[in-house]
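# Fold and contact review
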Amino acid sequence: MAAQGNGMDNNFDTIVIGAGIQGSYTAYHLARNNKTLLIDQFILPHSRGSSHGQTRIIRKSYSKPYYTEMMTECFQLWKQLEAEANVELFRQTGLLVLGKEGNPEFQAMKSTLVNNQIPMESFTSEELSRRFPAVNLPKEESAVLDKSAGILYADRALKSVQDLFRRFGGTICDGEKVVDIQPGSPVTVTTTAGIYRAKSLVITAGPWSNKLLNLVGLQLPLKTLRIVVCYWKEKVLGTYGIQKGHPCFIKISDSIEHHIYGLPSNEYPGLMKVCYHSGSDADPDERDIVLQQPSQDVNILSTFLSKEFPGVDPKPAIVEYCMYTVTPDSDFILDYHPEHSNIIIGAGFSGHGFKLAPVVGKILCELSLGKRPSYNLSPFKMHRFGLNLKSLL
Ligand SMILES: Cc1cc2nc3c(=O)[nH]c(=O)nc-3n(C[C@H](O)[C@H](O)[C@H](O)COP(=O)(O)OP(=O)(O)OC[C@H]3O[C@@H](n4cnc5c(N)ncnc54)[C@H](O)[C@@H]3O)c2cc1C
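Residues numbered from 1 in each chain as written. Predicted model: local features only at pLDDT ≥ 70, side-chain atom pairs only at ≥ 80, totals over all residues. Heavy atoms only, no water.

Note the threshold: UniProt positions are given in the numbering used here, feature names are shortened, and annotations may be inferred rather than shown by experiment.
If you check an unreviewed UniProt entry, the protein chain appears there as FAD dependent oxidoreductase domain-containing protein from Chiloscyllium punctatum. The UniProt entry for the protein chain carries this comment under Sequence similarities (unreviewed entry): "Belongs to the MSOX/MTOX family."

Here it is, written out as structure tokens:
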């Protein structure tokens, strides 16, 4: 709803465009002390971007240690959100990382766990089948269990962040597409329903980022991918169930280009969620157009599951869709607009940003208020790609 429709003042300290998890968490941090407007093109909640769905994996095991460092605070902030919202958002299940000892990424994830003294356990393939008899790891592979990991209840989390944002005095204008941005001080944002002004602007538009950034003369090297989210039926109900203590997993394979990841059966009874960590190029506004084509990703998952998780029927029982926005190095973009320091960009969360949203939101909040960021942002600066500023008309 347009703010002026309520006779409200349309001047804000900060405007955040995009009410996915990153924009909503940024707005949540901002609204504690600032007059904040959060805008989304769709009526909330919606399932067209990257933040919808019941579950996401949360873990400290990362091959890049700066994410592990951020995850320590993320776990605390998720816990704080649970307490503030009085809703269960996290379930500890542990996460198995499956791979070969010689694989550099497998080694790096293992080292991060050891170096940060994160509770963990290592298994040979035989040891793993004794502990989890329905997992059939190839003989030459091994596994580490990150015991601190688990599941975040994503839809509930997004709703909780937005509810608290409102409780702190924030304004949400949903069902309003941003169609123009005029940089300056103040920055002016025009939507399909109103005109708003603010001292600073945060753009967290997920797979629509480059469409939005086009309005401020910037294009980033982002690929938008349509992800096939598959749920697989257990042959015997509960084989991989959360109630039986089955962990999440990430498979790092030498022969499959991207990871495969899975969550125990929980959100749909008797169905395990297993996905391929990549997809086919797609415009977010055309995500559902190509559905008739057989998906290569589903075939990859099917072959993997028949060998290593033989307790599920290797044909997906439910297929849903979601979008990734991927950078060339899979690291996020958290930075100022190169020409307008009161425009802040959070983009390219590369299929692993949900768990990190509490700290991403904190950082974007700090940048928009001109504060020194709490973390070293060098891995997230856009100049690592070289700049491609479109000329501003
Ligand atoms: C299948 C799948 C599985 C995943 N699994 C995990 C996981 O296990 N763990 C993990 O940590 N992460 C995971 N992720 C990644 C994580 O979900 C994303 O990184 C995160 O949701 C990105 O959020 P976002 O706010 O950047 O984008 P979005 O949620 O897409 O939000 C962007 C918002 O901007 C709005 N917008 C865009 N353009 C405009 C405009 N012109 N005007 C107004 N509003 C606009 C959109 O409507 C949208 O609501 C997964 C993602 C997918 C798709």
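## Things to note about the overall build of the protein chain
Basically, it comes down to this: Numbering goes from the N terminus for both helices and strands, where a helix is a DSSP run of H or I of at least four residues and a strand is a run of E of at least two. The reference for a compact globule is 2.2 Å times residues^0.38; the radius of gyration itself is calculated from the C-alpha atoms. Three labels apply to residues, based on accessible area from a 1.4 Å probe with only protein chains included: buried if under 20% of the type maximum, exposed if over 50%, partly exposed otherwise in between. For this analysis, residues touch if any pair of their heavy atoms sits within 4.5 Å. Methods summary: accessible areas were calculated by the Shrake-Rupley approach with a probe of 1.4 Å, and residue burial reflects only the protein chains presented. Within this scheme the basic residues Lys and Arg register as positive and the acidic residues Asp and Glu register as negative, but His and the chain ends are omitted. By convention, charge coordinates are those of NZ in Lys, CZ in Arg, CG in Asp, or CD in Glu.
Helix and strand counts for the protein chain come out as eight helices and 20 strands. Compactness check: the protein chain gives a C-alpha radius of gyration of 21 Å against a globular reference of 21 Å for 393 residues, within 12% of the reference. Expressed as a percentage of its 393 residues, the buried residues of the protein chain come to 56%. Nonlocal contacts in the protein chain, meaning residues at least 24 apart in sequence, comprise 74% of its contacts between residues at least 6 apart. Total accessible area on the protein chain stands at roughly 16,500 Å², and carbon and sulfur atoms take up 51% of it. Of the side chains in the protein chain, 40 bear a positive and 39 a negative charge, and the two mean positions are spaced by 3 Å.

## Overview of the pairing of strand S16 (residues 271-276)
For the record, the criterion: Paired strands, as defined in this entry, are two strands with at least two bridges between them according to DSSP.
Of all six residues in S16, six are buried, a share of seventy percent or more. The side-chain alternation of S16 yields two buried faces, one formed by Leu-271, Lys-273 and Cys-275 and the other by Met-272, Val-274 and Tyr-276. Bridging between strand S15 (residues 260-268) and S16 involves five bridges; their strand directions are antiparallel. Note on S16: the bridge partner recorded for Leu-263 is Lys-273. Linking S15 to S16, which pair antiparallel, is a turn of two residues; within it Gly-270 sits at a positive phi near 80°.

## Structural notes on the pattern of salt bridges
To keep it simple, the criterion reads: One side-chain nitrogen of Lys or Arg within 4 Å of one carboxyl oxygen of Asp or Glu is enough to make a salt bridge.
Taken as a whole and judged by the stated rule, the model has 22 salt bridges. In this structure, Asp-254 engages Lys-100 in a salt bridge whose closest nitrogen and oxygen atoms are separated by 3.6 Å. Of this pair, Asp-254 sits in the loop between strand S14 (248-251) and S15 while Lys-100 sits in the loop between strand S5 (95-99) and helix H3 (104-115), and the two are 154 residues apart along the sequence. Take Asp-254: its relative accessible area is 53%, and that puts it in the exposed class. With relative accessibility at 30%, the residue Lys-100 sits in the partly exposed group. For Arg-384, the salt bridge identified is with Asp-329, shortest N-O distance 2.7 Å. Here Arg-384, found in the segment after helix H8 (357-368), pairs with Asp-329, found in the loop between strand S18 (312-326) and strand S19 (333-336); they are 55 residues apart in sequence, far enough to count as distant. A residue is classified by how much of its surface remains accessible, and Arg-384, at 26% relative accessible area, is partly exposed. One network of salt bridges, with partners in common, ties together Arg-48, Arg-287 and Asp-288.

## Quick word on the domain arrangement of the protein chain
In many analyses, interface size is given as the accessible surface area lost on bringing the parts together. Note the threshold: The split of the chain into domains comes from an automatic or database domain assignment. Joining two parts hides part of their accessible area as seen by a 1.4 Å probe, and the buried area is that hidden amount summed over both. Distance and chemistry together define a polar contact, namely a pair of N or O atoms within 3.5 Å, with one atom able to donate a hydrogen and the other to accept it when in protein, and with adjacent residues in sequence counting only for side-chain atoms on both sides.
Partitioning the protein chain into domains gives domain 1 (3-51 + 155-220 + 329-385) and domain 2 (95-147 + 223-326). Centre-to-centre separation of domain 1 and domain 2, based on C-alpha positions: 31 Å. At the junction of the two partners, domain 1 supplies twelve residues and domain 2 supplies twelve residues. Both faces considered, domain 1 and domain 2 share a buried interface measuring about 1,100 Å² in area, 43% of it formed by carbon and sulfur atoms. Linking Lys-211 and Asp-285 is a salt bridge whose minimum nitrogen-to-oxygen distance equals 2.8 Å. Where domain 1 touches domain 2, the interface holds nine residue pairs in polar contact (both at pLDDT 80 or more).

## Here we look at the packing of aromatic side chains
Given two aromatic rings, one states the distance between the centres and the angle between the planes to describe the pair. Quick reminder of the rule: Stacked, tilted and edge-to-face are the three classes applied to pairs of Phe, Tyr and Trp rings, where Trp contributes its six-membered ring and a pair requires centres within 6.5 Å; stacked means planes under 30 degrees apart, edge-to-face means over 60, and tilted covers the rest. By definition here, charges over rings are those cases where NZ of Lys or CZ of Arg is within 6 Å of the ring centre and within 35 degrees of the ring normal.
This structure, assessed with the given rule, holds 19 aromatic pairs. Ring pairs connect the aromatic residues Tyr-62, Tyr-66, Tyr-67, Phe-332, Phe-349 and Phe-380, which therefore count as one cluster. The ring centre of Phe-12 lies 4.8 Å from the NZ or CZ of Lys-35, which sits over that ring. Lying across the ring of Tyr-153, Arg-156 places its NZ or CZ 4.8 Å from the centre.

## Quick word on the packing of helix H2 (residues 65-85) against H8
Defined as follows: An axis is simply a line fitted to the C-alpha atoms; with a helix, the fit covers only the stretch in contact. Between two such axes, the angle follows the N-to-C directions and lies from 0 to 180 degrees. By the definition adopted for this analysis, an angle is roughly parallel if under 35 degrees, roughly antiparallel if over 145, roughly perpendicular if from 65 to 115, and oblique otherwise. Residue classes follow a fixed rule: Ala, Val, Leu, Ile, Met, Phe, Trp, Tyr, Cys and Pro count as nonpolar, while Asp, Glu, Lys and Arg count as charged, and any other residue, Gly among them, counts as polar.
One way to put it is that H2 packs onto H8 with a least axis distance of 7 Å and a crossing angle of 100°. In terms of their interaxial angle, H2 and H8 are classed as roughly perpendicular. For the pair H2 and H8, the contacting residues are Met-70, Glu-73, Cys-74, Leu-77 and Trp-78 in the first and Pro-358, Val-359, Lys-362 and Ile-363 in the second. Class assignment for the residues of the contact of H2 with H8 results in seven nonpolar, no polar and two charged.

## Some words on the side chain of Glu-234
Of note, Glu-234 is situated in strand S13 (residues 223-234). Of the buried charged residues, Glu-234 lacks a salt bridge, with Lys-244 as the closest side chain of opposite charge at 7.8 Å. Reaching out from Glu-234, the side chain makes a polar contact with the backbone nitrogen of Thr-239 at a distance of 3.5 Å. Here Tyr-240 takes part through its backbone nitrogen, which lies 2.9 Å from a polar atom of the side chain of Glu-234. For Glu-234, the contacting residues outside a window of four places in its chain are Thr-239, Tyr-240, Gly-241, Ser-265, Gly-270, Gly-311 and Val-312.

## Digging into the site of the ligand
The condition that has to hold: One heavy atom within 4 Å of a molecule or strand makes the whole residue count as near it.
Asp-40, His-46, Ser-51, Ile-57 and Cys-322 are the nearest of the 36 residues found near the ligand. Note that an oxygen atom of the ligand is positioned 2.5 Å from one of the side-chain N or O atoms of Ser-51. At a separation of 3.1 Å, an oxygen atom of the ligand approaches a polar backbone atom of Phe-354. Surface burial for the ligand is 97%, taken as the share of its 1,000 Å² of free accessible area covered by protein chains. Where the shell around the ligand is concerned, the elements lending two or more residues are helix H1 (21-31), strand S3 (55-58), S13 and S18. Per element, the largest residue contribution to the shell around the ligand is three residues, and it comes from S18. By residue class, the composition of the shell around the ligand is 18 nonpolar, 13 polar and five charged. Counting only domains with at least three residues in the shell around the ligand, you end up with domain 1 (3-51 + 155-220 + 329-385) and domain 2 (95-147 + 223-326).

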